[in-house]
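Single-letter residue listing:
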Amino acid sequence: MSRYRPTRIGELLQAEIAQLLLRQLKDPRLSLATISRVEVSADLRHACIYISRIGSETEQRAALEGFEHATGFIRGQLGKHLKLRYTPELTFKLDTTIAYGVRISRILHDLIPVPPREPAESDTSHA
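Residues numbered from 1 in each chain as written. Predicted model: local features only at pLDDT ≥ 70, side-chain atom pairs only at ≥ 80, totals over all residues. Heavy atoms only, no water.

**Q** Now, about the pattern of salt bridges: what can you tell me, with residues and values included?
**A** Counting across every chain of the model gives six salt bridges. Between Asp-95 and Arg-37 there is a salt bridge, and its shortest N-O distance comes to 3.5 Å. Of this pair, Asp-95 sits in the loop between β3 (89-94) and α4 (97-111) while Arg-37 sits in strand β1 (residues 33-40), and the two are 58 residues apart along the sequence. For Arg-37, a relative accessible area of 31% gives the class partly exposed. A salt bridge links Glu-59 to Arg-53; its shortest N-O distance comes to 3.6 Å. Taking the relative accessible area as the measure of exposure, Arg-53 reaches 13% and is therefore buried. Connected through salt bridges with shared partners, the residues Arg-37, Glu-39 and Asp-95 form a single ionic network. (Salt bridge = Lys/Arg side-chain N within 4 Å of Asp/Glu carboxyl O. Helix = DSSP H or I, 4+ residues; strand = E, 2+ residues; numbered from the N terminus. Buried < 20%, exposed > 50% of the residue type's maximum accessible area, 1.4 Å probe, protein only.)

Shown next as structure tokens:
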């Protein structure tokens, strides 16, 4: 089997789940949620779907619970729309890379000293 096939199947799953999220999944917990990436096992029987959601920790956990609740429906729809021998078992996980990137950015911003701002000429003249 090609070593690129799991990557291609992951991209296909990501696109299909994103369409389901837009069109058919009406759970309010899933609003503002996105599918950031999908990792598929070499035998194509398991897929780990990473989701990200803007909001608090509780909103992110609620979105994860919403996806876990809809796993059967999503897997059934994937089985209908995709021409695969086996529909992969789906596992949903929160993607924390965006929050990690923001945290690193803040740390770097705090480390770099900000030069003092000089007053503009219009500020110094009181005429």
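**Q** If you had to explain the sheet that holds strand β2 (residues 46-53) to someone new, which residues and values would you point to?
**A** The three strands lie next to each other as β1-β2-β3, forming an open sheet whose pairing is mixed. In this open sheet, the two strands that pair with only one neighbour each are β1 and β3. Each strand of the sheet is rotated relative to its neighbour by a mean of 25°, with strand direction disregarded. Here β2 pairs with β3 via six bridges, running parallel. Bridge pairing in β3 links Ile-51 to Leu-94. The sheet contacts of helix α2 (residues 57-69) involve β1, β2 and β3, and relative to β3 the element is tilted by about 175°. (Pairing = 2+ DSSP bridges. Axes fitted to C-alpha atoms, helices over the stretch in contact; angles between N-to-C directions. Contact = heavy atoms within 4.5 Å.)

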